[in-house]
Amino acid sequence: MFKWSYKYDDEREKFSFQGIGTALLVGVTTSLSPLPVAAQSQEISVDDIEEIVVQGTRRTIQDSIQQKRNADVIVEALSAEDIGDIPALSIGEALETLTSAASHREQGGATEISIRGMGPYLGSTVINGREATNGSGDRSVNFSQFPSELFNTLQVYKSQEASLIEGGVSGQISLETIKPLDYGRQRVQLDLKGNYNPDNQDIKDNERDYGYRGTVSYIDQFDFGEGSLGISLGLQKNVATNPEQEYRTSSTYRSCRNDPDATSGVYASGNCDSNGGSLNTNVDPATGESPDDADTPVIFVPSSRSYRQNITDDDRESIFAAVQWQPNDKLDINVDYQYSDRVFTEIRNDLVFAENRRVNPEGLVTTNKGAVLAFNNDGRIETHSQFQERLEEYEGGGITVKYEVNDRLNISFDASYSDTSRRENIFQTRLQSEANDIFGNPTPAATDRPATSYRLAGSGSNSSVGLVTVTNFDVTNHDLFADAARTRIDLNQARDNTITAFRGDFELEVDWGPIHTLEGGMRYSELEFTSFPRVRDELNFNDNAIAPASLACRNESFPESGFLSEPSNGQALITNVDENGNVIAAGTGSRYATFDPMCLVQELIIAENAIRTADGRDDLLEFSGFPSPEKDVNNVDVEEDTIALYIQANYESELNGYPVRGNFGLRIVRTDVTSTGLRTTFTSRRNDDGNIIIDNDQDNFFSVEGGDSYTEFLPSASIVVDLRDDILLRGGIFRGLSRPDPADLGFGRRFEVDDNAVITDLDELVGEATATGNPDLEPLLSWNFDAAIEWYPNDDTILALGGYYKRFQGGFENVQRFETFIVDGEPLQGKVTTTRTDSDTSTLKGFELTATHSFSYLPSFWSGFGAKLSYNYADSDFEFEHGRFGAAEVRQVDGTVEERIGIVPPANLFGFSDNVLSTQLYYQWGGFDLQLIYKYRSEYFQQFISTPGELRYIGDTEVFEARLTYKLNDNVSFRIEGINLFDEDRTQFNPVDDNVAEVNSYGPRYFAGVRVKF
């Protein structure tokens, strides 16, 4: 039987075969040598054997194995010896290759990371040991904001120790940049990578045919007498496109009774708008029953369904810098700085089928959960021409001072700053169907609401997107969109997030039996988060202004070929038929009328002003740019101050003859939250569509303040037992804390006004008020238990099996209460829904498997193969209720509390997936290094930041990636990479998990580049 072993030499970073491998070499040499057999019996020294230098993917995996093996806690790591060697296109893509890590994907790339099936809310991320901000209003980090080329170590801590910053119930992600003196050598490196997106080539007037990413980095060290100075500088320019094709519904759904015998709902009126047919699930205290419950036949209906074609441009500039100064052998000073500026622009061309709450019961097909699969209606058809830009700027850094007081005591001090600013601006112009075209001629449909039928996903259409049949309406004919021209100019998001922190630590060597080191310290941080709601300017135009603008700004051909062909299986998205059901070629296909959004708004203003001038009016319109943030009752202004103290003992000893090591400690955390909200009186008005709009009275604002304070004790302990030289047993226990997202701590109020709904009743509008957060939300606490057994037969191989159990103390429940709003001088009672932390307990348990192996011992060609497998399974009984359709408490005006029955099943933890898998096959031969990667994540609940009470599920996700590197020599290498190779779509469901609400098709993306080192 063939056996082998080898020894890793940390100093020389090389391998030497020995044992049976040496004997085999002796045997081969013997068979080929003409020397006498007696002469060959001499011993061959291992030193005479050729030494093999391990590089590339295999080296990266070996380093990861070594870091995991040496750690006192349960950790996954990915490190690179050299800058830019992290084997992935982005930080998110790289983290996904670690066991139990999975990403949420936006615009085709990995963004937020979940650990062990738990969303980013239950984890934390630090950069160089410090908290980092983002522009989303949660505590996750948008990893697409940072260049992977400028980080050299990624770690995921799954069990905690007292010295780590609190916040990681699921785990803590740690990103580290290079310290120039520790790097120890001079390096100038140039990376240039080109980007090709096939779907982008299908766009006629795309922003660019090819993207690129250029990175320049410089590291050097200088000696000054007894001291040393190191500097590093990295610059990156990333220009790309993110093509995306979408099928979508509006985000706000309504419940509608689906009972033929009911006096309201689908069968009674065919109209689920204006709360017609909405279920009443409040329990009557007198009877203990509600008029409706989960068994009441119901459907969930959006206000619209649409197709969206996007033309995108993504421009990011990044700067990373560090200075490390060691004036003597006792003092080490590190200063680092990170900056990222991203400008993302998008032109959106939407075909919108509005008034989808008009439902004809004839032809209605539903699921038993209330999802609509097929239906007919008469509704308006619209085009939306939209320009959107997102401006996001990140700036962070800090200074760390370490000082060796004596041989036993080291102290350190760190000050840090992190700030993210995000602005999102949108202008959108709507044109609607009309009985007459833009020239006044009757249209074939002879109505503004053409008859329409829908076959949605799950109806047997063999399409994952909805397919629409319209009667006598050619959606490609620009002339038919001749009514209700309206432009909305929005400041859609304005968010600022800042964290300022200071910490001091000590490390003391002691001789306390098994305890060899004592660590401790204090940290203070101040988080400030502000968010302004959407500020909107709205321009409405005379119908006579449409014709000249339409003629001037129409796109003569649809901007993209093959639009949504993959998710529709090549079927026509829209079929145009006559009144007898015969297919009409014009208007049948996957194209529709589109317009240049900037041109359209400008030409409409010109035409409208000409009409007003002719009528003797002086109230001329103008487009003076995007609005600025302004006061609103929906504003969020949160300050969170935290003081943490910790003490940690590190030990090493023996237990019944087995070497043991680990640590135990306590972290004490005090947090004070102050949330400032605004209140005012309101004025109602009707817009040109007849809908009611509620405006804040800008002169009557006053501040209200809320918040909470809490102190938590977070003990932790870990143990590592060396059962054998190659087998480790690990255990860990800790109490974890995950704080509410900053956006969820707001003290504002928001009126849920659906952009496409018909709101004509003032009581109904105020009745939809919700709270923008709850300043009294408490953290989610849990006791966490981990155990793992790990086998390390050699430096290329690990087989690790771990189990974990988490017991959550507290969950979330919806509370609905009545508040008084003064509208037009009159008091109106509005139901306000908010979320609070309850006292319920829940659990999560699971196991994870890691296996890696290199087949380097196989002969010839086969020796280049290696593989890695990572798998996580989790199960949880946590429940998160829908904000409007879930179970809740209802507090009446008189203070009495009633119960609301849920008609939508609760979701699990935010980001929870029960199955996460990552596999990797690599092959190295000579200078070639090939990786094939497969990633899978099962369905999970992805919370909306702006409306956290809405349930949104992301369907099962799988992604195939590949990368090929060729190292020409020590200075030059080439790389080809591809992600989403088989064009996997992303499917979104809400408010129930079988109702398709959005499908995103991104297409594959390819990259090719060269790296030069000096």
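A brief report on the enclosed structure follows. (Residues numbered from 1 in each chain as written. Predicted model: local features only at pLDDT ≥ 70, side-chain atom pairs only at ≥ 80, totals over all residues. Heavy atoms only, no water.)

Let us now look at the side chain of Arg342. Positionally, Arg342 belongs in strand β18 (residues 331-353). Beyond its immediate chain neighbours, meaning those up to four positions away, Arg342 contacts Gln107, Asn142, Ser144, Gln145, Asn242, Asp314, Asp315, Arg316, Arg390, Leu391 and Glu392. (Helix = DSSP H or I, 4+ residues; strand = E, 2+ residues; numbered from the N terminus. Contact = heavy atoms within 4.5 Å.)

As a further point, take the sheet that holds strand β29 (residues 583-589). Two strands in a sheet stick together by hydrogen bonds in their backbones, pointing the same way (parallel) or opposite ways (antiparallel). If you walk across this open sheet you meet the six strands as β19-β20-β23-β24-β28-β29, and the pairing is mixed. Across the chains shown, the open sheet's two edge strands, defined by having one partner strand only, are β19 (360-366) and β29. Going across the sheet, the axis of each strand differs from the next one's by a mean of 15 degrees, ignoring polarity. (Pairing = 2+ DSSP bridges. Axes fitted to C-alpha atoms, helices over the stretch in contact; angles between N-to-C directions.)

What follows concerns the nonpolar core. In terms of nonpolar packing, the biggest core is built from 95 residues, with Tyr307, Leu351 and Phe353 touching the most fellow members. By residue number, the principal contributor to this core is helix α9 (residues 597-614), which donates six residues. With 24 residues, the next largest nonpolar core counts Leu78, Phe151, Leu154 and Ile173 among its residues. (Core = buried A, V, L, I, M, F, W, Y, C linked by side-chain atoms within 4.5 Å. Buried < 20%, exposed > 50% of the residue type's maximum accessible area, 1.4 Å probe, protein only.)

We now examine the state of the cysteines. On inspection of all chains with the given rule, the structure shows two disulfides. Across a sulfur-sulfur distance of 2.0 Å, Cys553 and Cys599 are joined as a disulfide pair. Disulfide Cys553 to Cys599: torsion about the S-S bond roughly -75 degrees, handedness left-handed. Linking Cys553 in helix α8 (residues 546-553) with Cys599 in helix α9, this pair joins segments that are 46 residues apart in sequence. The burial state of Cys553 is the same as that of Cys599; both residues are buried. Numbered in order of appearance, the disulfide-bonded cysteines of the chain are paired 1-2, 3-4. (Disulfide = S-S within 2.5 Å.)

Moving on: empty space enclosed by the protein. Tallied over the entire structure, the rule returns 18 cavities of 30 Å³ or more. Considering only enclosed or pocket space, the largest cavity measures out at about 200 Å³ in volume. Of all the secondary-structure elements, those providing two or more residues to the lining of the largest cavity are β7 (123-127) and β25 (481-512). At three residues, β7 tops the list of elements feeding residues into the lining of the largest cavity. Its residues assigned to classes, the lining of the largest cavity shows five nonpolar, nine polar and five charged. Reported here for the second largest cavity is a volume of approximately 160 Å³. (1 Å grid on protein atoms, 1.4 Å probe; cavity = no way out; pocket = protein on both sides within 12 Å on 5 of 7 lines; lining within 4 Å. Points joined across faces, edges and corners; volume = space filled by probe spheres on them. Nonpolar A, V, L, I, M, F, W, Y, C, P; charged D, E, K, R; others polar.)

Taken together, Asp284, Glu289, Asp293 and Asp295 make up a surface patch of like negative charges. Its place among the elements puts Asp293 in the loop between α7 (266-269) and β16 (298-302). Here Asp293 falls in the partly exposed class, since its relative accessible area comes to 31%. (Patch = residues over 30% accessible without salt bridge, like charges linked within 9 Å, V, L, I, M, F, W, Y side chains within 5 Å. Areas by Shrake-Rupley, 256 points an atom, 1.4 Å probe, with all protein chains shown as cover. Salt bridge = Lys/Arg side-chain N within 4 Å of Asp/Glu carboxyl O. Lys, Arg positive; Asp, Glu negative; His and termini not counted. Charge placed at Lys NZ, Arg CZ, Asp CG, Glu CD.)

Moving on, we get to the side chain of Asn576. Structurally, Asn576 can be placed in strand β28 (residues 574-577). Looking at Asn576, the relative accessible area reads 3%, which means it is buried. The contacts of Asn576, once residues within four sequence positions are left out, are Val470, Thr471, Asn472, Phe473, Asp474, Asn582, Val583, Ile584, Ala586, Gly587 and Thr588.

So, about the pattern of salt bridges. Under the counting rule described, the total for this entry stands at 57 salt bridges. One salt bridge in this structure joins Asp72 and Arg661, with 2.9 Å as the shortest N-O distance. Of the two residues, Asp72 is situated in the loop between α3 (56-70) and β4 (75-79) and Arg661 in strand β31 (residues 658-679); the sequence distance between them amounts to 589 residues. Note on Arg661: relative accessible area 17%, which makes it buried. Close ionic contact of Arg105 with Glu93 constitutes a salt bridge, the shortest N to O distance being 2.7 Å.

Attention shifts here to the packing of α8 against α9. The angle between the axes and the distance between the axes are what describe a pair of packed helices. Contact geometry for α8 and α9: axes closest at 8 Å, N-to-C directions at 150 degrees. Here α8 is positioned roughly antiparallel relative to α9, judged by the angle of their axes. Judged by the sense of rotation from one axis to the other, the crossing of α8 with α9 is right-handed. In contact with Ile546, Pro548, Ala549, Ala552 and Cys553 of α8, α9 contributes Cys599, Leu600, Glu603, Leu604 and Ala607. For the contact of α8 with α9, the per-class residue count stands at nine nonpolar, no polar and one charged. (Parallel < 35°, antiparallel > 145°, perpendicular 65-115°, else oblique. Left-handed = near helix turned anticlockwise from the far one by under 90°.)

Honestly, it's all geometry; don't read function into it.
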